[in-house]
Amino acid sequence: MLRGRHLRALVCTLLLVPLPPTAVRAQGASAQVRIAAEAAGQTGPPSGAEVELEPLGLMAPTRRARIDGVVTWSVPPGEYRLRVRPTSGSPVERVIDAEPGGLVSVIVRPSADPSAALEVAVESPGTGSYGVLFPRRLLEGLPSSRTVQSLLETAHGFLIADTIDGGGIWTGDPIRLGGYGSSSRQVTYTLAGADLTDPLVLGTPMIFPALGALQAVSAEAAHLDPSAAGPGPLVVMAPKRPSTTWTGDVSVEASPPGLQADAGDIVPIARLESWTDGSVAAGGPLAPSAGLFVAGRVNDARRVEREEPVRLDHDTRAFFAHAVGMGAPGREIGVVASVTDATRPLETRASFADRAQAQRDRQALVSASWQAMRENGAGWTLAADYQRASAAADLTPDAAGGLIERLRDGPPLRLADPVDGARQRWAVRGAFTPAVRRWLGRDHVLRLGASVGAVAATLRLGPQPVFGELVNGRPARVWDIAASGESHRTVTSASAFVDDQILLSDRLTMSAALRLDVDRGSARGAAGDIGWTTASPRAALAWRPSGRDGLVITAGYGWYRHRLPIDALAVGDPAAPTGTMYRWDDEDGNRRFAPSELTAVAAVGTCCTAAGAGVIAEDLRRPTTRAFHIGFEHRWLGWRWGITGLDRREDDLLALVNTGVTPDDFDVTVIDDPGVDIAGLQGFNPLPIYDRQSASFGLDRYALVNTAALPSRYQGLDVSVAREAGDRFYLRFGGSAYRAEGIGASRGYRPDENDQGLLGEVFTTPNAATNARGRLFSDRAFVMKVLGAYTGPGPFRAAAVARYQDGQPFSRLVLAEGVGQGLDVVQAYPRGGQRFTFTATLDARAELRWPLGASRAVSVTLDVFNLLDMANEVEEDIVTGPAFRTITAVQPPRVVRLGVRVTF
């Protein structure tokens, strides 16, 4: 088996070779069709020619215009018949494929052939954007758990997830994605223009649409569309539209227990016991100018974590609908609705003695839009969205507390986050695209937009028992946390943007944009609030030295403002969880805490303590990401390829600080530590150990401020290559070499610890601040993902996704014994000084499809996840001692799935 150093060498070799990337314009659910009239030789541009864009098999408006210059249309993705009629002579027709977020350029010029009046050239020039597109054929054909996040976790070349989904192992749990140095909390999800990002759990969608309801999915990390909030990555989901004839499919898939691989000698982090999924989708016309697409899904799954006796169940019932109606030419009304009812394992179950606790999630979305477009390309869009999600923990009031392992279960305070409650969002959006104007001798494609909305959360802590904390299996602390009443937090937002694409020449395009954000957030009864008003400029250039196709070189720089996280409003919220942390001296060694064994040490919680209420700094600034990218892409011999570099810096990140207890309230002892454990390393490093003085017990008080630490930094080089041979063959490679470094919110390597976007312990206790800066959770140094799909001339189809990503960064921990705060841990060196073994998976899908008449077919599918049943480590013992670097968990084992699908 190849070791990590061998694969890293292979990646480095690949990076030195000019490889083709997949670079697409992934900045919206619509496609852009640009039609320009040009001169040919000494002849002027055609005058008075008419152009028509007719959808093929898709319910969408037909566009018509008379072209004397440049006309730009925004259209739903799909196939279209382009028909150009000259003032005299025969019309010219072309069939074009408009991909979501893509650009189709049509050049109309007088023909050099005397037998034809016009020459029509259709091109799909590279846009130089920093994105990856998954069209419908890949959503259907690639192995996945039929959710957006599971697809991106497996097949997106540059995103890192907090889990290995492995065919639905983590079904029901929100998979968090990170990448490009951005916190997982800054990922934005949109559907049909509506922002789906959960206001409470930033970085995950509030609504989870199944892949069967989507036409395409795209993800972008640089040169983001100014209509989207946040620094990205930006995940855009385009809903399926009704077709002109009724079509649909019914599918049933199952992973029966008897086909699943068992655990090996070392326990897997999790494994699937069973998984079943049934879905139905259909769409077609309701009238000549109206249509409907509907989809439903039922899913049940069961998993085992670390071979513990508890079986964790999940079930989902979901419905999705997309209705469209067309009125006058160029006008359309659309409505998207989604409803989900799910039961899944309780997010905070680790703090309970019975870890089989569950919660019920309900989600609903309604989004309505009106669009109108004139023949000259000018267009208006008005839309309104409403979303609501609720969660209810299935707990009894006397549910007993358990024992958590700090090194495995994560920060104790996060296990006391409220689960019961609801959050909702409403928004009204508008956009205007004027006809292409010529100013100062240049064509301008202008777009303006604005939105106003609010998010609100009503939270209840619910039954929260007292629970104990173990550190490396030894008693350390006890946590007693409670909350009074309901917490009500709201954030109101308004934004406006202007985006101008300037056609400087047929080879050079400039894009300049400015976004304005106004956010106000507060919690009911809190003394402080947050108010931000910021502007975010950005600009990019795309240069095509050889003309409209072939090579394109791009560069851009932009400022991106972070969202206002609603959990930051817990600081000073009188209904936020609060309580006491006790030192636990387990004198009788029975691992059961008694009052005589407990010493109150710290007041915890951002609400209020004996020292005073939590405070939000009056001069709190909005965090900012500055991003620069430069690269090139090229089409050559049927390949799309290129290399892009990205540099991102994050400033003014939010931090929770302890103003009541400072490092001066600790006694400091310095020990000698060998540092990074590499053979041949000489010498020792001084490592400070902080021992809290008893005089400071209970004096904690918390404030929300901007950190004065150095900016978080990402520097990466991405390579991608794609080849498509009609509907027969598709190949995409994505590889990246990068570093992402910053200050993790808490000690440890977990995604809820080593992330710079969370509010954690790093600035509240000095032992957590030691060596806090290092390589972040999403940093894998070297990543490669390859996906391919093949459709044979007969019934056979196949697809595969292969992944390699370097090991997860960590720091060795030193146990601090006999300190006032209880058994504590200190990171011996910056995270990333060492890594776990690399992760490698191969997922494959095979399908046999037989037609049943002209419009029906039946398919039998076989999906295998982790086909080679690789068992590379995903966790190690990271504590100083003889067990250091002992493997404690490996990646999930092989999962096999069978399915039947009928299309009609």
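The coordinates are above.
Bear in mind the structure is a predicted one, so any value in this text is a computation, not a measurement.

Colleague: Lay out the sheet that holds strand S33 (residues 578-584) in plain terms, naming residues and giving numbers.
Modeller: Spatial ordering of the open sheet is given by S23-S27-S28-S33-S34, a layout of five strands whose pairing is mixed. Two strands bound the open sheet, and with one partner strand each, they are strand S23 (403-405) and strand S34 (598-604). For this sheet the average axis-to-axis angle between neighbouring strands, irrespective of direction, equals 30°. Here strand S28 (residues 474-482) pairs with S33 via six bridges, running antiparallel. In the sheet register, aspartate 480 faces S33, and the bridge partner there is threonine 580.

Colleague: Quick one: what's the story with the pattern of salt bridges, residue by residue and with numbers?
Modeller: In this structure the tally under the stated criterion is 65 salt bridges. A salt bridge links glutamate 273 to arginine 311; the nearest nitrogen and oxygen atoms lie 3.0 Å apart. Placement of the pair is glutamate 273 in strand S17 (residues 271-287) and arginine 311 in strand S19 (residues 311-326), with a sequence separation of 38 residues. Note on arginine 311: relative accessible area 32%, which makes it partly exposed. A salt bridge links arginine 360 to aspartate 341, with the nearest nitrogen and oxygen atoms 2.5 Å apart. In this pair, arginine 360 is assigned in strand S21 (residues 358-373) and aspartate 341 in strand S20 (residues 331-345), connecting sequence segments 19 residues apart. Here the salt bridges share partners, and the residues they tie into one network are Asp173, Arg176, Arg303, Glu305, Arg344, Glu347, Arg349 and Asp361.

Colleague: Go over the pairing of strand S39 (residues 639-651) with me, naming the residues and quoting the values.
Modeller: Note that strand S38 (residues 624-636) and S39 share 13 bridges and pair antiparallel. From the neighbouring strand, alanine 627 faces S39, where its bridge partner is arginine 648.

Colleague: Can you explain the packing of aromatic side chains? Please cite residues and give values.
Modeller: Centre-to-centre distance and the angle between the planes together describe a pair of aromatic rings. This structure, assessed with the given rule, holds 13 aromatic pairs. Look at tyrosine 557 and tryptophan 559: their rings are 4.9 Å apart centre to centre, the planes differ by 70°, and that puts the pair in the edge-to-face class. With relative accessibility at 34%, the residue tyrosine 557 sits in the partly exposed group. Classification of tryptophan 559 as partly exposed rests on a relative accessible area of 31%. Through a chain of ring-to-ring contacts, the aromatic side chains of Phe158, Tyr180, Tyr714 and Tyr738 assemble into a single cluster. Lying over the aromatic face of phenylalanine 777, arginine 780 brings its terminal NZ or CZ to 4.8 Å of the ring centre.

Colleague: So what's going on with helix H3 (residues 148-155)? Which residues, and what values?
Modeller: One turn of the α-helix equals 3.6 residues, which is why residues spaced by three or four share an orientation. Among the eight residues in H3, eight count as buried, and that is most of the element. Those residues of H3 lying buried are Val148, Gln149, Ser150, Leu151, Leu152, Glu153, Thr154 and Ala155.

Colleague: Give a description of the nonpolar core that names residues and reports values.
Modeller: One finds Phe134, Leu142 and Val217 to be the most contacted residues of the largest nonpolar core, which totals 52 residues. Broken down by element, the residue count for this core peaks at five residues, all from strand S14 (residues 214-222). Once residues lying within four places of it in the same chain are set aside, the contact partners of valine 217 are Val132, Leu133, Phe134, Leu139, Val148, Leu152, Val235, Val236 and Met237.

Colleague: Explain the pairing of S14 residue by residue, including any values.
Modeller: In the case of a regular strand, side chains alternate between the two sheet surfaces. Most of S14 sits inside the fold, with eight of its nine residues counted as buried. Both S14 and strand S15 (residues 234-239) contribute to a ladder of six bridges, which runs antiparallel. Bridging from a neighbouring strand, glutamate 220 pairs with leucine 234 of S15.

Colleague: How would you summarise unusual backbone geometry if you had to cite specific residues and measurements?
Modeller: With an omega of 5°, the peptide bond between glycine 232 and proline 233 qualifies as cis. Along the chain, the position of proline 233 falls in the loop between S14 and S15. One non-glycine residue, aspartate 652, lies in the positive phi region at around 60°. Tracing the sequence through the fold places aspartate 652 in the loop between S39 and strand S40 (654-658). By relative accessible area, aspartate 652 is classed as partly exposed at 23%. Its identity is not glycine, yet alanine 781 carries a phi of approximately 65°, on the positive side.

Criteria and cut-off values
- Residues numbered from 1 in each chain as written.
- Predicted model: local features only at pLDDT ≥ 70, side-chain atom pairs only at ≥ 80, totals over all residues.
- Heavy atoms only, no water.
- Pairing = 2+ DSSP bridges.
- Helix = DSSP H or I, 4+ residues; strand = E, 2+ residues; numbered from the N terminus.
- Axes fitted to C-alpha atoms, helices over the stretch in contact; angles between N-to-C directions.
- Salt bridge = Lys/Arg side-chain N within 4 Å of Asp/Glu carboxyl O.
- Buried < 20%, exposed > 50% of the residue type's maximum accessible area, 1.4 Å probe, protein only.
- Phe/Tyr/Trp six-rings, centres within 6.5 Å; stacked < 30°, edge-to-face > 60°.
- Lys NZ or Arg CZ within 6 Å of the ring centre and 35° of its normal.
- Core = buried A, V, L, I, M, F, W, Y, C linked by side-chain atoms within 4.5 Å.
- Contact = heavy atoms within 4.5 Å.

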